[in-house]
Amino acid sequence: MLVNQKYTNDQIWKAVTHELKSALHVKNHPFRFMVMGSTDGIEVSQRYVVMRDIDDDFNVYAFTDDRTLKVEQFKKNPNCSLLFYHGEKRLQIRINGVVELHQYAGLKDYYWKSVKGEAKKAYTSSNAPGEPIKEWEEAYQWDGSLKSKHFTVMKVIPAQIEVLQLHKLEHLRIRFTKLNYEWVGQKLIP
Ligand SMILES: Cc1cc2nc3c(=O)[nH]c(=O)nc-3n(C[C@H](O)[C@H](O)[C@H](O)COP(=O)(O)O)c2cc1C
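Taken together, Phe33, Arg47, Tyr48, Val49, Val50, Phe63, Thr64, Thr68, Leu69 and Lys70 make up the full set of residues near the ligand. A distance of 3.0 Å is found between an oxygen atom of the ligand and a backbone nitrogen or oxygen belonging to valine 50. Along the lines of polarity and charge, the residues of the shell around the ligand split into 6 nonpolar, 2 polar and 2 charged.

For the structure on display, the rule yields 12 aromatic pairs. The interplanar angle of 20° and the centroid separation of 5.0 Å between the aromatic rings of tryptophan 13 and tryptophan 183 together place this pair among those described as stacked. Of the two residues, tryptophan 13 is situated in helix α1 (residues 9-22) and tryptophan 183 in strand β9 (residues 182-188); the sequence distance between them amounts to 170 residues. The two residues tryptophan 13 and tryptophan 183 agree in class, both being buried. Note on phenylalanine 63 and phenylalanine 151: the rings are 5.0 Å apart at their centroids and 70° apart in plane angle, and the pair reads as edge-to-face. Of the two residues, phenylalanine 63 sits in strand β4 (residues 60-65) while phenylalanine 151 sits in strand β7 (residues 151-165), which places them 88 residues apart along the sequence. When sorted by exposure, phenylalanine 63 lands in the same class as phenylalanine 151, which is buried. Note that lysine 121 overlies the ring of tryptophan 142, its terminal NZ or CZ placed 4.4 Å from the centroid.

Glancing now at α1. Over its 14 residues, α1 extends 20 Å from the first C-alpha to the last, a length consistent with the 20 Å expected when each residue adds 1.5 Å. Among the residues of α1, Ile12, Trp13, Ala15, Val16, Thr17, Glu19, Leu20 and Ser22 are the ones counted as buried. If you follow the buried residues of α1, they end up packed against β3 (53-54), β5 (79-86), β6 (91-102), β7, β8 (172-179) and β9.

What follows concerns unusual backbone geometry. Positive phi values are uncommon outside glycine, yet asparagine 180 reaches one of about 45°. Residue placement: asparagine 180 occurs in the loop between β8 and β9. The residue tyrosine 181 is not glycine, and still its phi comes out positive at about 65°.

This part takes up the side chain of threonine 39. Examined against the element boundaries, threonine 39 turns out to sit in strand β1 (residues 33-39). At 2.9 Å, the side chain of threonine 39 forms a polar contact with the backbone nitrogen of glycine 41. Within polar-contact distance, the side chain of threonine 39 engages the backbone oxygen of glutamate 43 at 2.8 Å.

Parameters at a glance
- Residues numbered from 1 in each chain as written.
- Predicted model: local features only at pLDDT ≥ 70, side-chain atom pairs only at ≥ 80, totals over all residues.
- Heavy atoms only, no water.
- Near = heavy atom within 4 Å.
- Polar contact = N/O pair within 3.5 Å; in protein donor to acceptor, adjacent residues only side chain to side chain.
- Nonpolar A, V, L, I, M, F, W, Y, C, P; charged D, E, K, R; others polar.
- Phe/Tyr/Trp six-rings, centres within 6.5 Å; stacked < 30°, edge-to-face > 60°.
- Helix = DSSP H or I, 4+ residues; strand = E, 2+ residues; numbered from the N terminus.
- Buried < 20%, exposed > 50% of the residue type's maximum accessible area, 1.4 Å probe, protein only.
- Lys NZ or Arg CZ within 6 Å of the ring centre and 35° of its normal.
- Expected span 1.5 Å × (residues − 1).
- Contact = heavy atoms within 4.5 Å.

Structure below.
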């Protein structure tokens, strides 16, 4: 359990955001992987991605290849949801926001520097992710230079961060909404 009924909204906010940020440096932290939801307005898709960074405004960063379905969908509809669950602390965090795609210079170049060696292969396959193939070998082809051409940074700008703390029959649910640069908490029926 991370938070309890004695916590003020502000204390819950501090504990939850601290836990989220700790996933960046604590080994095997369950918040390191998040479920990212996207839609083109009709079809809904979800997948796990790695949380690569989170800044002081709680913008969350993930990396991908610009040829993936999620990028195609975010170009049509920037709405995004992120979902985290900490099994030991029985804590769910749900973030709703919009995605900014960084495909050229700026943040893309900044984060590309953090992708070392062979890890670059995740964003540089010769054939596009999701392309049908006959043989597995077709999936493992890269042009020698491993350039950042398809590397894309997804910056998720949160509008709401909702927390569910499971606790016996007395769960706690609270939604934080960004209002005039401040995160305001509203307790909810779980
Ligand atoms: C634990 C885990 C972590 C993953 N991390 C990423 C990631 O950081 N970026 C990414 O693009 N795909 C990641 N993937 C693969 C995606 O889940 C997905 O299969 C792929 O990006 C294609 O998704 P799309 O076609 O829906 O865009 C990860 C998968 C798993 C299981």
